[in-house]
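Architecture at a glance
Letter by letter, the chains look like this.
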Amino acid sequence: MAFIRKKPREQQLQLYSRERFSLLLLNLEEYYFEQHTANHIQHKGNRNERKIRGSLKICSKSVIFEPDAISQPIIKIPLRDCIKIGKHGENGASRHFAKAVPGGISLIFSQGTMEYVFELDVSGKVDDVVETLLQLHRASCLDKLGDQTAMITAILQSRLARTSFDKNRFQSVSETLHMECKAEMVTPLVTNPGHVCVTDTTLYFQPLNGYPVSQPTGQGMRPSHRSVCLQALSRELDFTGTETFVCETIFLLFKTPVVQITLQDVRRIYKRRHGLMPLGLEVFCTEDDLCSDIYLKFYEPQDRDDLYFYIATYLEHHVAERSAESYTLQWQRGHLSNYQYLLHLNSLADRSCNDLSQYPVFPWVVSDYSSPELDLSNPGTFRDLSKPVGALNKERLERLLARYQEMPEPKFMYGSHYSSPGYVLFYLVRIAPEYMLCLQNGRFDNADRMFNSIAETWKNCLDGATDFKELIPEFYGDDISFLINSLKLDLGKRQGGQMVDDVKLPPWARSPEDFLRKSREALESSYVSEHLHEWIDLVFGYKQKGGDAVGAHNVFHPLTYEGGVDLNSMEDPDEKVAVLTQILEFGQTPKQLFATPHPRRITPRFKSGSQPSSCNASTADSPERRRLTRLPLDAVSPGEESFEDLTEESRTLAWSNITKLQLYEQHRIHKEAVTGIAVSCNGSSVFTTSQDSTLKMFSKESKMLQRSISFSNMALSSCLLLPGDGTVISSSWDNNVYFYSVAFGRRQDTLMGHDDAVSKICWLDSRLYSASWDSTVKVWSGVPPEMSAARRHQFDLLAELEHDVGVDTISLNAAGTLLVSGTREGTVTIWDLTTATMLHQIPCHSGTVCDTAFSPDSRHVLSTGEDGCLNVIDVQTGMLISSMTSDEPQRCFIWDGNSVLSGSQSGELLVWDLLGGRSTDRIRGHAGAVTCMWMNEQCSSVITGGEDRQITFWKLQY
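Worth saying up front: this structure is predicted, and the values here are computed from it rather than measured. (Residues numbered from 1 in each chain as written. Predicted model: local features only at pLDDT ≥ 70, side-chain atom pairs only at ≥ 80, totals over all residues. Heavy atoms only, no water.)

1. Observations concerning the overall build of the protein
The condition that has to hold: The helix count covers DSSP runs of H or I at least four residues long, the strand count covers runs of E at least two residues long, and both are numbered beginning at the N terminus. Accessible area is worked out with a 1.4 Å probe on protein chains only. A residue is then buried under 20% of its type maximum, exposed over 50%, and partly exposed in between. What sets the accessible areas is the Shrake-Rupley method with a 1.4 Å probe; for residues, cover comes only from the shown protein chains.
Of regular secondary structure, the protein possesses 17 helices and 47 strands. Looking at the protein as a whole, 61% of its 958 residues qualify as buried. When the accessible surface of the protein is split by element, carbon and sulfur atoms take 48% of a total near 37300 Å².

2. Some remarks on the side chain of T199
Test applied: Between two residues, a contact is recorded if the distance between any of their heavy atoms is within 4.5 Å.
Along the polypeptide, T199 turns up in strand β10 (residues 190–199). For T199, a relative accessible area of 0% corresponds to the buried category. Filtering out sequence-adjacent residues up to four positions away, T199 remains in contact with F170, E175, T176, L177, H178, Y204, L263 and Y310.

3. Digging into the packing of aromatic side chains
Convention followed: Ring pairs are drawn from Phe, Tyr and Trp, using the six-membered ring of Trp, whenever the two centres fall within 6.5 Å, and their geometry is named by plane angle: stacked under 30 degrees, edge-to-face over 60, tilted for the rest. For a ring to carry a charge above it, either NZ of a lysine or CZ of an arginine must fall within 6 Å of the ring centroid while also lying within 35 degrees of the normal to the ring plane.
Per the stated rule, a full pass over the model turns up 33 aromatic pairs. Judged by centre distance (5.5 Å) and plane angle (50 degrees), the ring pair of Y339 and F362 falls under tilted. You can see Y339 sitting in helix α7 (residues 338–348) and its partner F362 sitting in the loop between α7 and α8 (394–406), a full 23 residues away along the chain. Of the two residues, Y339 and F362, both sit in the buried class. Linked through ring pairs, W364, Y369, F426, Y427, F451, W458, F475, F482, W508 and F515 together constitute an aromatic cluster. We note R520 situated over the ring of Y339; from NZ or CZ to the ring centre the distance is 4.1 Å. The ring of W773 carries R824 above its face, with NZ or CZ at 5.2 Å from the centroid.

4. Considerations on the packing of α7 against helix α13 (residues 526–539)
Note the cut-off: Fitted lines through C-alpha atoms serve as axes, helices being fitted only where they are in contact, and the angles separating the N-to-C directions of these axes extend from 0 to 180 degrees. Oblique is the label for any angle not under 35 degrees, not over 145, and not in the 65 to 115 range, which are roughly parallel, roughly antiparallel and roughly perpendicular in turn. A crossing counts as left-handed when the near helix is turned anticlockwise from the far one by less than a right angle, and as right-handed when that turn is clockwise. Three residue categories are used. Nonpolar comprises Ala, Val, Leu, Ile, Met, Phe, Trp, Tyr, Cys and Pro, charged comprises Asp, Glu, Lys and Arg, and polar comprises the others, including Gly.
Between α7 and α13, the least distance of the axes is 11 Å, while the angle of their chain directions is 15 degrees. In this view, α7 runs roughly parallel relative to α13, as classed from their interaxial angle. Judged by the twist between their axes, the crossing of α7 over α13 is right-handed. Contacts from N338, Y341, L342 and L345 of α7 reach α13 at V528, S529, L532, W535 and I536. Here the residues of the contact of α7 with α13 are counted per class, giving seven nonpolar, two polar and no charged.

5. Side note on the confidence of the model for the protein
Cut-off, in case you're wondering: Each residue carries a pLDDT score, the predictor's own confidence in it, on a scale running from 0 to 100.
Taken residue by residue, the protein gives an average pLDDT of 84. The fraction at 70 or more is 85%. Between residues 91–100, whose pLDDT stays under 50, and residues either more than four places distant or in other chains, the model counts 31 contacts.

6. A few points about the pattern of salt bridges
Note the threshold: What makes a salt bridge here is a side-chain nitrogen of Lys or Arg within 4 Å of a carboxyl oxygen of Asp or Glu, nothing more.
In the structure shown here, the tally under the stated rule is 33 salt bridges. As a salt-bridge pair, K87 and D127 come within 3.2 Å of each other at their nearest N and O atoms. Here K87, found in strand β6 (residues 82–87), pairs with D127, found in helix α2 (residues 126–140); they are 40 residues apart in sequence, far enough to count as distant. Through salt bridges with shared partners, a single network forms among E373, R510, D514, R517, K518 and E521.

7. Structural notes on the nonpolar core
Rules: Put simply, a nonpolar core is a bunch of buried Ala, Val, Leu, Ile, Met, Phe, Trp, Tyr and Cys residues held in one set by side-chain atoms that sit within 4.5 Å of each other.
In this structure, F451, F475, W535, I536, F540 and F594 are the most contacted members of the largest nonpolar core, which totals 113 residues. Contacts of F451, omitting those with residues within four sequence positions, involve F426, Y427, R430, T457, F475, F482, L483 and V503. The next biggest cluster of nonpolar side chains, apart from the first, holds 29 residues, and it includes C82, Y116, L120 and V126.

8. A few points about the packing of helix α6 (residues 324–332) against α7
Interaxial distance between α6 and α7 falls to 10 Å at its minimum, and their mutual angle equals 175 degrees. Compared by their axis directions, α6 and α7 come out roughly antiparallel. Together, A324, Y327, T328 and W331 of α6 and N338, Y341, H344, L345 and L348 of α7 make up the contact between the two elements. Considering only residue class, the contact of α6 with α7 consists of six nonpolar, three polar and no charged.

9. Remarks on α6
Of all the nine residues making up α6, nine are buried; the element is thus mostly covered by neighbouring parts of the structure. Within the sequence span of α6, burial applies to A324, E325, S326, Y327, T328, L329, Q330, W331 and Q332. The elements touched by buried residues of α6 are β16 (268–274), α7, α13, β38 (860–865), β39 (869–874) and β40 (880–885). Of the residues flanking the end of α6, it is G334, one or two places downstream, whose phi is positive at about 85 degrees.

The following block contains the structure:
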């Protein structure tokens, strides 16, 4: 299961010992301090006197004696119930009995003045142990729980301050210590204090008590050993009032003095909130495993942040903590399954298998548990993912809303949560019974309230007055053990007389394996893929809090939300402990990851569409344009056959080999930076604009400059070729747009349409789109593909898209229905051209937006800025779903929806893997910034222009 590791470290497999003591025997917030080899002397002074050898364990609220003989029970003595504690045989208020036992310690229990006498092997330690016990006894007897906690915490901190990490545990004498601090290792229901140490190669944790750091549930345990261990838990725990806690459990644990994690093995690292405080840190050495390698809770947020910074800085290949948005793009494109995406969201929202109050939560997706066959093509088979579980039953919801209306502030609709430690162990009782026994004081729940049947559990979630629980990841995994009683545990007898055994499956499941397989198929089905974003909005998104949560009937108790209570501001320690206990037992709402509606999933596997969008594409991807750009740049010989059968596969192949792009020609044809590139349909002529105010025509065949045209003394900012290659349109800083006839070799017309420099132009279907520093984007009609040189044209202004500041770049989607603009203040705006209205405005850059472009399928927009960021925005929702940072601005780019080829400020071409969230290659090109870029439709040839005044020709070699 999720918190039962199945892949133990090799070093942990080497050693194991038979031990029955477990941290699960401790109370909530209780610590295990030390142990001593000792004898328990029974019937002292009688002829039946005998010594039972074992270990005496000193804990913050109890003393536990673990006999070596398995036939003898473990004894737990609560310190608060002790009347006297002292050296055996000494007189005094807490010392008594005339006949002494050398090295003996006496504890007198409250009920019937029962005496426990323990004889330490090392008699010299008796005074220290007695003093420790008296100190802990005083803490346990304080009236207020808050005062008890404060005193025990002070004792713990004092012990930690007197000790340090044992440097002899370093793996190499050459290791350099970088940081050491106090922390606790967190595992389900327990924490273990100790020392964290990080060197230049390794992260270490050494427990204060020296207790084996591997947990009894099998973290690092062989499956065969775990089976033996859990079979012992089928025995019933024995309680004798508050007198003695006798536990007959057998645990097989690994004796490892420290946890050690090699930094180069770390793949993910997350900051966590633990007990609503920013104190947690979780480290993973795998990409997709839900179970981490270590979860640490620090005493100071600064210690946590310092350790996180050091490890994150050490890691290579950007494998440090990632944002939810970085996974959203992969999920949308079909590169992550629904299951994988939910795992990542849970992890990012502080859900951890080591914290049962924040265990990963998964949705119920199937609502049919009675049919003989599961029909995944029928929408009626599925649960309504747009509603929380509590709102699925209309009648129950009406009752809850009526109560909600009458409730004083703070109001909440549901008195219980959809995820809590009790619910998690409800599902996992058959494979983690020790945790259920720990949580419920040594007893299983009533047999009729156990996890008996899938259908019954679903029905109770629909109809129960206080049952609103969701599922856990195990329901969509491949381990069936939580569904079968393989340990033959005695889980009780139901009212009908039947014993609780394996979970009863729905009729459509022929076996536990079949149930999990079909459940996973349902989770990955088309219906769920189309609606999963609605459930994400409820649990991780914008419907989690505020007015949207009220409207969605998704309001839980205020204490379950992050920020619902400030523990640091509470002066009453009793109140603080009570609130923290309530939070940990009731469950917590995941950290909110999305503040806007979550985008839908696109398709199971992304297929790119037509020509990739480019910052310097002369026209949008119309059918006519696709027809006119069939030829690659290097296929220009007369009579050579065109690529009429160009396929999507060839473009995909080209992009998969984009790192093999090779420079083969460079020509310096301008006196200033090149600003725009346009190429004729047969690839023979290349038109460029420059800040030197000229439009130039370069012959690819003769490698000669054929024409140089100047319209004014101001810089030209971009250019495009109209279909037919008869007209070149150029934009200028002199506020005008110029039309140049290639056939007649002269200026055809001038559009004087702006009050400041025109920064970028696009054309599609006889409409011209011009962006300007005058804070507008204008849409013009009357620009036909074939412009006549004999007359001037009438340009009609169809729409004016107003911005707050100057616009530096624009781009159209393939259909010409959407436009994206980027401003000098870092705002990206998406416009609906059919209504000339703004859809989304996203301030996602600090500084000028250098370039923007739609993905070929128009689902996403990519933008680059002076801040070095590459941001992907979902067009439907306006959500920033991915962001990568470069060490320098990326001035221009071309992309296919998954990969990006960008031109950098330093003159290099960079290849980016958006789904992986990283740069994969750097290719040297220009001596200055790359300012513009063009790619042919086959994606096999690229032309770039730069501040070094050169145009560079690239070929794809593969």
